[in-house]
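Letter by letter, the chains look like this.
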Amino acid sequence: MNTELQGIGMTSQRTRMRLVERLSDEGIQRVEVLDAIANVPRHIFLDEALSHRAYEDTALPIGYQQTLSQPYVVARMTEMLLAAGATRILELGTGSGYQAAILAYLGKEVYSIERIGGLHRQARERLQRLGYRNAHLRLGDGSQGWPEAAPFDGMILTAAPGDIPAALYDQLADGGSIVAPLGRDTQMLTLITRNGDEFERREIEPVRFVPVLGGVVR
Ligand code: SAM
């Protein structure tokens, strides 16, 4: 490797570890999650012009008026899914593919849906390049879920719906959990757990996500 590339690699490694320390200070406790943040290259999921900011704890634009979520929020939602014991996970809102990559790195079977064709294709290419064969991507309306792959024991919504779409409740296994930002203006990160026909809700903390939209943009 030439010295220039080596230099970039070392800087990236240092800034990644600084991000991990910061997330730990902010209360992310699961070692597996911190390990995933340290090892999944977030800069691959951004345009080259923004890749130098990849290890800041901030949401960043990915085009099409969408964002790659803040690392703290990715870590927090991942931690909630892990605590719930989820192994087969539906994601609504692939976006850049970074959250799916984190879950795939952790050995989960991930089914992720994106409504914007350009983002879906980019994410698919990145996840293939990184070799995450347990991440399955689809272009479509995530509000319909992925019936052929159901039931899921975990779901993660990375865009905010007014409320959880009925199809997602239908595709959630008994004992399974949904992690979602709920509400239109002010949103609360919410953990919903299924117990038979009952769905228990627990509000965790305020968050800000782009809204769930209908229709597919090819
Ligand atoms: N998880 C993403 C990542 O790691 O980069 C960030 C997701 S971004 C905050 C929200 C994404 O949800 C956008 O890419 C948006 O196009 C997508 N989205 C919104 N409504 C959707 C729907 N009905 N079905 C599928 N994707 C949707």
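Residues numbered from 1 in each chain as written. Predicted model: local features only at pLDDT ≥ 70, side-chain atom pairs only at ≥ 80, totals over all residues. Heavy atoms only, no water.

Caption draft 1: Quick look at the overall build of the protein chain. Secondary structure summary: the protein chain contains six helices and nine strands in total. Since a compact globule built from 218 residues should have a radius of gyration of about 17 Å, the 17 Å found for the protein chain is in line with a globular shape. In terms of principal-axis extent, the alpha carbons of the protein chain reach across some 60 × 40 × 35 Å. Burial statistics for the protein chain: of 218 residues in total, 52% are counted as buried. Restricting to contacts in the protein chain with at least 6 residues of sequence separation, those with at least 24 account for 55%. A total accessible area of about 10,600 Å² is found for the protein chain, and carbon and sulfur atoms account for 48% of it. The average position of the 23 basic charges and that of the 27 acidic charges among the side chains of the protein chain differ by 5 Å. (Helix = DSSP H or I, 4+ residues; strand = E, 2+ residues; numbered from the N terminus. Rg over C-alpha atoms; globule rule 2.2 N^0.38 Å. Buried < 20%, exposed > 50% of the residue type's maximum accessible area, 1.4 Å probe, protein only. Contact = heavy atoms within 4.5 Å. Areas by Shrake-Rupley, 256 points an atom, 1.4 Å probe, with all protein chains shown as cover. Lys, Arg positive; Asp, Glu negative; His and termini not counted. Charge placed at Lys NZ, Arg CZ, Asp CG, Glu CD.)

Caption draft 2: A look at the nonpolar core. Core analysis: the largest hydrophobic core is formed by 51 residues, its most contacted members being Leu23, Ile37, Phe45, Tyr98, Ile102 and Leu127. In this structure isoleucine 37 touches Leu19, Val20, Leu23, Pro71, Ala75, Tyr98 and Ile102, once residues within four positions along its chain are discounted. One finds Leu90, Ile113, Ile164 and Tyr169 within the second-largest nonpolar core, a separate group that totals 19 residues. (Core = buried A, V, L, I, M, F, W, Y, C linked by side-chain atoms within 4.5 Å.)

Caption draft 3: Looking closely at the site of the ligand. Within the structure, the ligand sits among 28 residues, and Ser96, Glu114, Asp141, Gly142 and Leu213 are positioned closest to it. The backbone of glycine 142 places a nitrogen or oxygen atom 2.8 Å from a nitrogen atom of the ligand. Contact distances for the ligand include 3.1 Å between a nitrogen atom and a side-chain N or O atom of threonine 158. Computed on the free molecule, the ligand has an accessible area of 600 Å², of which 99% lies beneath the protein chains in the complex. Of all the elements in the fold, those that place two or more residues in the shell around the ligand are strand S2 (66-68), strand S3 (88-92), helix H4 (98-105) and strand S4 (109-114). When residues in the shell around the ligand are grouped by element, the largest group, three residues, is from S2. Across the shell around the ligand, the residue classes break down as eleven nonpolar, 13 polar and four charged. (Near = heavy atom within 4 Å. Polar contact = N/O pair within 3.5 Å; in protein donor to acceptor, adjacent residues only side chain to side chain. Nonpolar A, V, L, I, M, F, W, Y, C, P; charged D, E, K, R; others polar.)

Caption draft 4: Geometry of unusual backbone geometry. Cis rather than trans, the peptide bond between alanine 150 and proline 151 has omega equal to 5 degrees. Inspection of the secondary structure puts proline 151 in the loop between strand S5 (135-139) and strand S6 (152-157). Of note, the phi angle at tyrosine 64 is positive, near 55 degrees, even though the residue is not glycine. Structurally, tyrosine 64 can be placed in the loop between strand S1 (60-63) and S2. In this model, glutamine 65 sits at a positive phi of 60 degrees, which is unusual for a non-glycine residue. Relative to the helices and strands, glutamine 65 resides in the loop between S1 and S2. Classification of glutamine 65 by relative accessible area gives exposed; the value is 77%.

Caption draft 5: Spotlight on the UniProt feature "active site" (unreviewed entry) in the protein chain. Mapped onto this numbering, the UniProt entry annotates "active site" (unreviewed entry) at Ser69. In this structure serine 69 comes out as buried when scored by relative accessible area, which is 17%. In this structure, serine 69 is in contact with Arg42, Thr58, Ala59, Val74 and Phe209, ignoring residues within four places of it in sequence. (UniProt positions renumbered as here; feature names shortened; annotations may be inferred.)

Caption draft 6: Representation of the side chain of glutamate 91 within the structure. By the secondary structure assignment, glutamate 91 is in strand S3. The side chain of glutamate 91 sits in the buried core without any salt bridge; arginine 126 is the nearest counter-charge, 11 Å away. Of note is the side chain of glutamate 91, whose polar atom sits 2.7 Å from the side chain of serine 112. Excluding residues that lie within four positions of it along the chain, glutamate 91 makes contacts with Gln99, Ala100, Tyr111, Ser112, Ile113, Ile156 and Thr158. (Salt bridge = Lys/Arg side-chain N within 4 Å of Asp/Glu carboxyl O.)

Caption draft 7: Up close: the packing of helix H3 (residues 71-83) against H4. Between H3 and H4, whose axes approach to 11 Å, the crossing angle comes to 40 degrees. Taken together, the axis directions place H3 and H4 in an arrangement best described as oblique. Between H3 and H4 lies a crossing of right-handed hand. Within the contact between the two elements, H3 uses Val74, Thr78 and Leu81 and H4 uses Tyr98, Gln99, Ile102 and Leu103. Residues belonging to the contact of H3 with H4 are distributed by class as follows: five nonpolar, two polar and no charged. (Axes fitted to C-alpha atoms, helices over the stretch in contact; angles between N-to-C directions. Parallel < 35°, antiparallel > 145°, perpendicular 65-115°, else oblique. Left-handed = near helix turned anticlockwise from the far one by under 90°.)

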